[in-house]
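Residue-level listing of the chains:
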Amino acid sequence: MSLENIKKDRAKKLKKIKDAGINPYPSFFKKNQRIKDVISPFKKGRKVILAGRIITIRRHGGSLFLDLEDGTGRIQAFLKKDKLGENYNFFIENIDSGDFILFEGKMFLTKKGEKTIEVFKYEILAKSLLPLPEKWHGIQDIEERFRKRYLDLLMSSETKEIFVLRSKIVSEIRKILEEEGFLEVETPILQHVHGGAAATPFKTHHKSLDINLFLRIAPELYLKRLLVGGFDKVYEIGRVFRNEGIDKSHNPDFTMLEFYWAYINLEEMMDFCEKMIKLLVKNVFGKNKIKYQGKDINFTVPFRKINFYDLLEKKFKVDFRKISDIKIKEIANKFKIPTKEKSRFKILDDIFKKACREEILQPTFVLYQPIELTPLAKNFNRDPDLASRFQLIIGGWETVNAFSELNDPIDQKKRFEYEKLERKKGDKEAHPFDIDFIEALSYGMPPAVGFGMGIDRIVAILTDSKSLKEVILFPLMRPR
């Protein structure tokens, strides 16, 4: 039967239900038990009331078996004509897989030992007008899985488990931070100045105030204002928005963890980062090693550390601090990296991302990037051309970015002025000038290290997912 005919058939059934004086979408129904609670502990002959969605229906002469699911589990139900009479015929004629039903009955074991409810009475809770995907194949079209995540979750236990694990991962991160004494806060999503990262923002307009605003690209500058305000340890987990390309590691809106810790240095932050990641893996998965895309990632050994320029030199056998801009552009062109209107340092960063990052499987700290890439970071004390910064790479993904926060208002103002010039040259992602933030710094901000983690990325690695779309419930898709 075609989909259109199925829809027409179900619409007719809906009308029959209504004509029989039955509300197919009632607002009140009997209190019911959860399926998991009647499966274990199981009591033969126990009277139960269960509500859920019918997944499959199997007819056998004057009786039928069906599978009922409620989110906590699945159970078999048994309906017999000589027990239900006309209600049995009404069920056969008008109820389909996908419908929500409340059953009253008692528990028994089939000859095969399957826990089953024998139904004495039923109540319609919601009539479905479209059929579920075919049981054994689910949704085969990958894009359709993302567009109709509700069906993907319904038909795939593997997909559902990913999002259960995601919730556990976020919960465990909160637990680790709170045990360390961090305070969870919330900062504005609508911002006057889109600061805290190198990204193009989404722009909107507030009618009442008649001003343009931006969806935040990061919570950083507001969290640092809280350091000025006297909080020493603050964190936020929330959505950020960047008007950029979509690929396996990027989605226009994503979940970011940022935290700021006063009176510690970069080495201490690296130690805590390593401890946090290892605890996270151990507490969520109960082990210290995971598989990612068929390869072992080991969290038992100390995380490797390598300097940014040393990594590039090892890869290309040249000193990128000494070679010319022309030579750097030639290398970039080999990897089809755009170089127009980009500074030497942003091209270097793109070369690192394209040529080096994906080769890093085991947890690795990449340290001391060029200071020009990080206008909000302090200079590395032994080399002022470098930032006091690290990135944590796992499985080829950048999962963490952290640095010693610049707290010199005069230097910060100069950095913003430099970014302003870069913007005039054509760099649309150069950091905007934020005069209010300069004023906040002028009141004094303690020495601190900031930490940013892409929640979606760490979840993708820990759940062995190829793409962020696999771990974001409703990723942005182009309309059909």
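Read on for a plain summary of the structure. (Residues numbered from 1 in each chain as written. Predicted model: local features only at pLDDT ≥ 70, side-chain atom pairs only at ≥ 80, totals over all residues. Heavy atoms only, no water.)

Observations concerning empty space enclosed by the protein
Scanning the entire structure with this criterion turns up one cavity of 30 Å³ or more. By volume, the largest cavity is sized at about 50 Å³. The wall of the largest cavity is formed by Ser 343, Phe 345, Lys 346, Glu 372, Leu 373, Tyr 418, Glu 419, Glu 422, Asp 427 and Ala 430. Breaking the lining of the largest cavity down by element, the ones donating at least two residues are helix H12 (344-356) and helix H13 (409-425). (1 Å grid on protein atoms, 1.4 Å probe; cavity = no way out; pocket = protein on both sides within 12 Å on 5 of 7 lines; lining within 4 Å. Points joined across faces, edges and corners; volume = space filled by probe spheres on them. Helix = DSSP H or I, 4+ residues; strand = E, 2+ residues; numbered from the N terminus.)

With respect to the pairing of strand E1 (residues 47-60)
Pairing of E1 with strand E4 (residues 100-109) involves seven bridges; the strand directions are antiparallel. Across the sheet, Ala 51 pairs through a bridge with Leu 102, a residue of E4. The pairing of E1 with strand E2 (residues 63-69) spans seven bridges and is classified as antiparallel. Across the sheet, Arg 59 pairs through a bridge with Leu 64, a residue of E2. The hairpin formed by E1 and E2 contains two residues between the paired strands, and Gly 61 there has a positive phi angle of roughly 60°. (Pairing = 2+ DSSP bridges.)

Notes on the sheet that holds strand E9 (residues 211-215)
Here we have three strands laid out as an open sheet, ordered E7-E9-E8, and antiparallel in their pairing. Strands with a single pairing partner mark the edges of an open sheet, and in this sheet they are strand E7 (190-191) and strand E8 (203-206). Across two bridges, E7 lies against E9 in antiparallel orientation. By the bridge assignment, Gln 191 is partnered in E9 with Phe 214.

Thoughts on the pattern of salt bridges
Here the structure, examined in full by the defined rule, presents 39 salt bridges. The salt bridge partner of Lys 15 is Asp 19, with a shortest N-O separation of 3.0 Å. Residue Lys 15 and its partner Asp 19 are located together in helix H1 (residues 3-19), separated by four residues, close to a single helical turn. What makes Lys 15 exposed here is its relative accessible area of 53%. With a closest N to O distance of 3.8 Å, Arg 357 and Glu 398 form a salt bridge. Taken together, the positions of Arg 357 in the loop between H12 and strand E15 (364-367) and Glu 398 in strand E19 (residues 397-404) put the pair 41 residues apart, joining distant regions of the chain. Put simply, Asp 9, Arg 10, Lys 13, Asp 96, Asp 99 and Lys 127 are held in one network by salt bridges that share partners. (Salt bridge = Lys/Arg side-chain N within 4 Å of Asp/Glu carboxyl O. Buried < 20%, exposed > 50% of the residue type's maximum accessible area, 1.4 Å probe, protein only.)

Remarks on the side chain of Gln 412
Along the chain, the position of Gln 412 falls in helix H13. Reaching out from Gln 412, the side chain makes a polar contact with the backbone oxygen of Pro 375 at a distance of 3.0 Å. Leave out the neighbours within four places in its chain, and Gln 412 touches Pro 375, Leu 376, Leu 406, Phe 437, Ile 438 and Leu 441. (Polar contact = N/O pair within 3.5 Å; in protein donor to acceptor, adjacent residues only side chain to side chain. Contact = heavy atoms within 4.5 Å.)

With respect to the packing of aromatic side chains
Within this structure, the stated rule accounts for 19 aromatic pairs. Aromatic side chains Phe 308 and Phe 352 sit 5.5 Å apart centroid to centroid with 55° between the ring planes, which places their arrangement in the tilted category. Residue Phe 308 is found in helix H10 (residues 308-316), and its partner Phe 352 is found in helix H12; the two are separated by 44 residues along the sequence. Residue Phe 308 shares its accessibility class with Phe 352, and that shared class is buried. (Phe/Tyr/Trp six-rings, centres within 6.5 Å; stacked < 30°, edge-to-face > 60°.)

Some details on the sheet that holds strand E14 (residues 304-307)
Two modes of strand pairing occur in sheets, parallel and antiparallel, and in both the strands are linked by backbone hydrogen bonds. The strand order E6-E10-E11-E20-E19-E18-E15-E14 describes an open sheet built from eight strands, whose pairing is mixed. The open sheet is flanked by strand E6 (183-184) and E14, the only strands paired with a single partner. Relative to E15, E14 runs parallel, the two being bridged by four bridges. Directly across from Lys 305, in E15, lies its bridge partner Phe 365.

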